[in-house]
Amino acid sequence: MKKEVMFLDNVVFIDSHCHLNYGEIAADLPGVLQRAKDAGVEKMLCINTKIQEFEDVYSIANNYSNIFATAGVHPHESGDTVHHSTPDNVRAFLEVASLRNKVVGLGETGLDYYYNHSPRDVQISMFDTHMQVAVAHDLPVIVHTRDSEEDTLAVLQKFAGRARGVIHCFSGTQNLANAVLDLGFYISVSGIVTFKKAEDIRSVLRTVPLDRLLIETDAPYLAPVPFRGRSNEPSYVVHTAEELAHIKGVSTAEIAKKTTENFHSLFTRVPR
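Residues numbered from 1 in each chain as written. Predicted model: local features only at pLDDT ≥ 70, side-chain atom pairs only at ≥ 80, totals over all residues. Heavy atoms only, no water.

A.B. asks: Looking at this model, I keep getting lost on the sheet that holds strand β1 (residues 13-18). Mind explaining?
C.D. replies: Adjacent strands of a sheet pair through backbone hydrogen bonds, lying either parallel or antiparallel. Ordered in space as β1-β2-β3-β4-β5-β6-β7-β8, the eight strands form an open sheet in which the pairing is parallel. Of all strands in the sheet, those with a lone pairing partner are β1 and β8 (213-215), marking the two edges. Each adjacent strand pair in this sheet contributes to an overall mean axis angle of 30°, direction not counted. Examined bridge by bridge, strand β3 (residues 67-71) and strand β4 (residues 103-112) share three bridges and lie parallel to one another. By the bridge assignment, Ala69 is partnered in β4 with Val103. (Pairing = 2+ DSSP bridges. Helix = DSSP H or I, 4+ residues; strand = E, 2+ residues; numbered from the N terminus. Axes fitted to C-alpha atoms, helices over the stretch in contact; angles between N-to-C directions.)

Right under this line is the structure:
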């Protein structure tokens with residue numbers, strides 16, 4: 001049985017990063033979406049991670065007026081993708097998907113040196129391709145970075161002044177936050193911020209301006225306290241917003257308002 005989620009009258013939230021085609025969410029999508037609505041989650045961005053899953057992601061977005069999609073190849077998948085395809089085919093996929101109705105960003109892309117599921121040079125090349133296509137189509141990029149801050153910034157700085165986007169599920173250093181803010185990027189806060197051992201992240205977030213923050217679930221992963229260890233879902237983004245409000249010394253309603261405004265400022269294809 002799902003635990004009840006708090007509801008604030010006349011307050012709406014946007015889950016800026018979730019995977020509605022995965023796991024328990026996909027098996028109970030109508031229920032998941034009803035609970036999101038009940039919690040005041042107005043819109044959701046469904047994130048693509050593999051070429052072969054894009055049509056599933058896009059179908060979900062196309063079937064619901066308040067769900068939008070991205071197109072991209074996760075760094076974990078970049079090696080396998082290139083092995084079974086070619087870099088030119090990946091670029092073609094991104095180019096065509098960028099023209100689709102309800103595709104509002106590219107990614108998630110980026111670098112992950114913690115798991116190293118793909119060769120680092122392939123990850124960097126794939127990340128660079130996403131950035132090139134995003135700039136060409138004026139789309140924001142959803143960036144994943146783990147244990148790879150130096151190389152992540154090297155790629156982003158190549159596109160300084162031309163690219164825009166968000167560092168999703170931020171868990172990095174103050175140096176990373178400062179650098180990406182200087183590049184005009186946004187920082188997205190996930191349920192990790194509610195974890196007891198996340199004080200370093202909370203400390204960084206205290207320095208990030210309110211007008212540069214988004215909130216997300218990364219559902220079905222990283223459920224916030226008090227749901228940690230369970231399958232995450234968009235309704236739980238409210239708990240992340242509550243914790244962020246505490247960190248920033250403002251009301252949850254203010255976090256909802258600011259992060260919704262910020263989402264629309266970044267994802268300009270999403271109707272207000």
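A.B. asks: What exactly am I supposed to notice about helix α3 (residues 54-63) here?
C.D. replies: Since there are 3.6 residues in each turn of an α-helix, residues three or four apart along the chain are aligned in direction. When α3 is considered as a whole, its buried residues turn out to be Phe54, Val57, Tyr58, Ile60 and Ala61. Down the axis of α3, the buried side of the element spans an arc of 155°, and every buried residue falls inside it. Packed against the buried residues of α3 are α2 (29-38), β2 (41-46), β3, α5 (87-98) and β4. (Buried < 20%, exposed > 50% of the residue type's maximum accessible area, 1.4 Å probe, protein only. Arc of directions from axis to C-beta. Contact = heavy atoms within 4.5 Å.)

A.B. asks: For this particular structure, what's the right way to read the pattern of salt bridges?
C.D. replies: Think of it this way: side chains of opposite charge can pair up when their charged atoms draw near. Overall, the coordinates contain ten salt bridges when judged by the stated rule. In this structure, Glu55 and Arg100 form a salt bridge, with 2.7 Å as the shortest nitrogen-oxygen distance. Here Glu55, found in helix α3, pairs with Arg100, found in the loop between α5 and β4; they are 45 residues apart in sequence, far enough to count as distant. On the accessibility criterion, Arg100 (26% relative accessible area) is partly exposed. When the shortest N-O distance is used, the salt bridge between Asp138 and Arg164 registers 3.3 Å. (Salt bridge = Lys/Arg side-chain N within 4 Å of Asp/Glu carboxyl O.)

A.B. asks: Before we go on, may I ask you to explain helix α10 (residues 237-248) in this structure?
C.D. replies: Compared with the 16 Å implied by 1.5 Å per residue over twelve residues, the 16 Å span of α10 between its first and last C-alpha is a close match. Within the sequence span of α10, burial applies to Val237, Val238, His239, Thr240, Ala241, Leu244, Ala245, Ile247 and Lys248. Buried residues in α10 make contact with β1, β2, β7 (186-189), α9 (199-205), β8 and α11 (252-266). Residue Gly249 follows α10 closely and has a positive phi angle near 70°. (Expected span 1.5 Å × (residues − 1).)

A.B. asks: Sorry, what's going on with the pairing of strand β5 (residues 141-146) here?
C.D. replies: A regular strand carries its side chains on alternate faces of the sheet. With five of six residues buried, β5 is to be regarded as a mostly interior element. As paired strands, β4 and β5 are joined by five bridges and run parallel to one another. Opposite Leu111, over in β5, you have Thr145 as the bridge partner. Traced from β5 through helix α7 (residues 149-158) to strand β6 (residues 165-167), the parallel crossover comes out right-handed. (Right-handed = clockwise from strand over helix to strand, strands pointing away.)

A.B. asks: What's the story with the pairing of β1 in this structure? I'm lost.
C.D. replies: Burial of β1 is extensive: six of the six residues sit out of reach of the surface. Where β1 meets β2, four bridges bridge the pair, whose relative direction is parallel. Bridge pairing in β2 places Phe13 opposite Val41.

A.B. asks: Whenever I open this one, the packing of aromatic side chains confuses me. Can you help?
C.D. replies: The geometry of an aromatic ring pair is captured by the separation of the ring centres together with the interplanar angle, meaning the angle of the planes. Counted according to the given criterion, the structure contains six aromatic pairs. Measuring from centroid to centroid gives 5.5 Å for Phe54 and Phe93, while their planes differ by 80°, and the two rings are edge-to-face. Pair noted here: Phe54 is in helix α3 and Phe93 is in helix α5, with a separation of 39 residues, a long-range link. Residue class for Phe93 comes out buried when judged on its relative accessible area of 13%. On the basis of an interplanar angle of 85° and a centroid distance of 4.8 Å, the ring pair of Tyr114 and Tyr115 is categorised as edge-to-face. By relative accessible area, Tyr115 is classed as partly exposed at 45%. Three or more aromatic residues joined by ring pairs make a cluster, and in this case those are Phe54, Tyr58 and Phe93. Here the guanidinium or amino end of Arg146 rests over the ring plane of Tyr114, the centre of that ring lying 3.6 Å away. When the ring centre of Phe195 is taken as origin, the NZ or CZ atom of Arg228, which lies over that ring, is 3.7 Å away. (Phe/Tyr/Trp six-rings, centres within 6.5 Å; stacked < 30°, edge-to-face > 60°. Lys NZ or Arg CZ within 6 Å of the ring centre and 35° of its normal.)

A.B. asks: Please clarify how unusual backbone geometry should be interpreted in this entry.
C.D. replies: It is generally the case that most residues other than glycine have a negative phi and that most peptide bonds are trans. That bond from Gly107 to Glu108 is cis: its omega, 20°, falls within 30 degrees of zero. Among the secondary structure elements, Glu108 is positioned in strand β4. A cis amide bond links Ala219 to the next residue, Pro220, at an omega of 10°. Tracing the backbone through its elements, the reader meets Pro220 in the loop between β8 and α10. Positive phi is not limited to glycine here, since Asn116 has a value of about 55°. By secondary structure assignment, the location of Asn116 is in the loop between β4 and α6 (120-137).

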